[in-house]
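Chains, contacts and geometry: an overview
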Amino acid sequence: MTSLRDPAPELAGSAFLKAARGEPVPHTPVWFMRQAGRSLPEYLEVRRGVGMLESCMKPELVVEITLQPVRRYGVDAAIFFSDIVLPLKAVGVDLDIKPGVGPVVARPVETLADVEAIPDLTPDAVPFITEAVRELVGELGSTPLIGFAGAPFTVASYLVEGGPSKEHARTKAMMFGAPDVWDALMRKIAGISAAYLEVQVAAGASAVQLFDSWAGALTPQDYRTQVMPHSAHVLERAGALGVPRIHFGVGTANLLGLMGEAGADVVGVDWRTPLDQAIPQVGDRGVQGNLDPTLVFAPTDVMTARAAEVIEAGRAAKGHVFNLGHGVIPTTDPDQLKRLTEFVQSYER
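The paragraphs below set out a description of the structure included in this document. (Residues numbered from 1 in each chain as written. Predicted model: local features only at pLDDT ≥ 70, side-chain atom pairs only at ≥ 80, totals over all residues. Heavy atoms only, no water.)

For the rest of this paragraph, the subject is the overall build of the chain. On a plain count of helices and strands, the chain comes out with 15 helices and nine strands. Computed over its C-alpha atoms, the radius of gyration of the chain comes to 19 Å, within 12% of the 20 Å expected for a compact globule of 349 residues. Along the three orthogonal principal directions, the C-alpha set of the chain runs to about 55 × 45 × 40 Å. Here the chain, with 349 residues, has 58% of them falling under the buried criterion. A total of about 13500 Å² of accessible surface is found on the chain, and carbon and sulfur atoms cover 52% of it. Each charge class in the chain can be summarised by its mean position, and for the 30 positive and 41 negative side chains these summaries are 1 Å apart. (Helix = DSSP H or I, 4+ residues; strand = E, 2+ residues; numbered from the N terminus. Rg over C-alpha atoms; globule rule 2.2 N^0.38 Å. Buried < 20%, exposed > 50% of the residue type's maximum accessible area, 1.4 Å probe, protein only. Areas by Shrake-Rupley, 256 points an atom, 1.4 Å probe, with all protein chains shown as cover. Lys, Arg positive; Asp, Glu negative; His and termini not counted. Charge placed at Lys NZ, Arg CZ, Asp CG, Glu CD.)

As a further point, take the pattern of salt bridges. Side chains that differ in sign of charge can pair as their charged atoms come close. Within the structure shown, the criterion is met by 17 salt bridges. For the salt bridge of Glu 54 with Lys 58, the shortest nitrogen-to-oxygen distance reads 3.8 Å. For Lys 58, a relative accessible area of 28% corresponds to the partly exposed category. Glu 64 is the salt-bridge partner of Arg 71, the closest N and O atoms lying 2.9 Å from each other. Arg 71 sits in the exposed class, given a relative accessible area of 51%. Each member of the salt-bridge network shares a partner with another, and the members are Asp 6, Arg 21 and Glu 23. (Salt bridge = Lys/Arg side-chain N within 4 Å of Asp/Glu carboxyl O.)

Moving on, we get to the sheet that holds strand β1 (residues 78-79). With respect to topology, seven strands assemble into an open sheet ordered β1-β4-β5-β6-β7-β8-β9, the strand pairing being parallel. Two strands close off the open sheet at either side, each with one partner strand: β1 and β9 (320-321). Relative to strand β6 (residues 245-249), strand β5 (residues 207-212) runs parallel, the two sharing five bridges. By the bridge assignment, Val 208 is partnered in β6 with Arg 245. Along the sheet, helix α13 (residues 275-282) contacts β7 (266-268), β8 (286-288) and β9; its crossing angle with β8, the most-contacted strand, is approximately 140 degrees. (Pairing = 2+ DSSP bridges. Contact = heavy atoms within 4.5 Å. Axes fitted to C-alpha atoms, helices over the stretch in contact; angles between N-to-C directions.)

With 125 residues, the main nonpolar core has Phe 80, Leu 185, Tyr 223 and Leu 340 as its most contacted residues. Among the elements that make up this core, the one with the highest residue count is helix α10 (residues 179-203) (14 residues). (Core = buried A, V, L, I, M, F, W, Y, C linked by side-chain atoms within 4.5 Å.)

Let us look at the environment of Pro 334. When you line up the elements, Pro 334 lands in helix α15 (residues 334-346). Taking the relative accessible area as the measure of exposure, Pro 334 reaches 12% and is therefore buried. Remark: the alpha-carbon pair of Pro 334 and Arg 38, spanning 296 residues in sequence, is separated by 9.9 Å. The contacts of Pro 334, once residues within four sequence positions are left out, are Ser 39, Leu 40, Pro 41, Arg 72 and Tyr 73.

Before going further, it helps to examine the layout of surface pockets. Taken as a whole, the largest pocket encloses approximately 1200 Å³ of empty space. At the level of secondary structure, the elements contributing two or more residues to the lining of the largest pocket comprise α2 (41-46), β2 (95-98), β3 (102-105) and α8 (152-161). Taken together, the residues of the lining of the largest pocket sort by class into 26 nonpolar, nine polar and six charged. Taken as a whole, the second largest pocket spans an internal volume of roughly 230 Å³. Every residue lining the second largest pocket is counted, 14 residues in all, and those nearest its centre are Trp 271, Pro 274, Asn 290, Arg 306 and Val 310. Elements that contribute at least two residues to the lining of the second largest pocket include exactly α13 and α14 (300-314). Here the element with the most residues in the lining of the second largest pocket is α14; it accounts for four residues. When grouped by side-chain class, the residues that make up the lining of the second largest pocket number seven nonpolar, two polar and five charged. (1 Å grid on protein atoms, 1.4 Å probe; cavity = no way out; pocket = protein on both sides within 12 Å on 5 of 7 lines; lining within 4 Å. Points joined across faces, edges and corners; volume = space filled by probe spheres on them. Nonpolar A, V, L, I, M, F, W, Y, C, P; charged D, E, K, R; others polar.)

Right under this line is the structure:
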């Protein structure tokens, strides 16, 4: 595993960074995937009339939305407000995010020529990212910022399917039937994702998370041979910068060990897999997770009791970052997330 650089002095006491590095922590750190917006009324207000991708390209909006949950909840880390397909938009791919649908690509990728037509990402394609990260780091002070990128398989699925898919049939048809196109596409996306993370870290992000939302659609053999080398490329380039790397997927109970081997310092675990089953799989790595996101709709005492079980199970890992087992549900009561944050941070170690 790549050696980690020392954090900036103002971040040296960060419970999140300590846990990600496998060091003793003053309390179990907590942040929430999709905490940057989603359920917050102040998020809905600043996003009013502004499209998702447009909001990701306006530094002042990115800063405000990223800071909102930190102000409201006092979480131990901020997650950079962005979207999996934003880097593709930045290099000129014709796509949009349609409300209620998700990313929609005007012309799905089918051939080698389609892949070759996608430009590589360079820092000058995303100056708004550099600007937003630098401002955020100044605003956040002792709270670390987590950089964000989509993993090659998940991004490839959007490009090949033309939008969200449950079966990923066209994606797998390319993987199995046109291996040369598949390999070229995965290499292209891996380069874009790695460059996107490098821009964020260069501007001051203290850690990164690679989201492979759809990796659970794969068998371990197919993941190992067709996907893992490309995710490993992204994580290796991020690791060369000396920041902790989190690798997260949904429905990946049978892939957790491989996702760790791909180059993660911390493996994200969704709510379906108990941590006491996940921790032996990931080996000498930290884990992140993994309260069922629907438990924030339960009575507070039920939610906190289940959170305590997650914290206790996490003690067996090299490091544990508390999180939900997937993103915050849009109808979540922000006050309940505040109660959950306070419970986790005050839980006796």
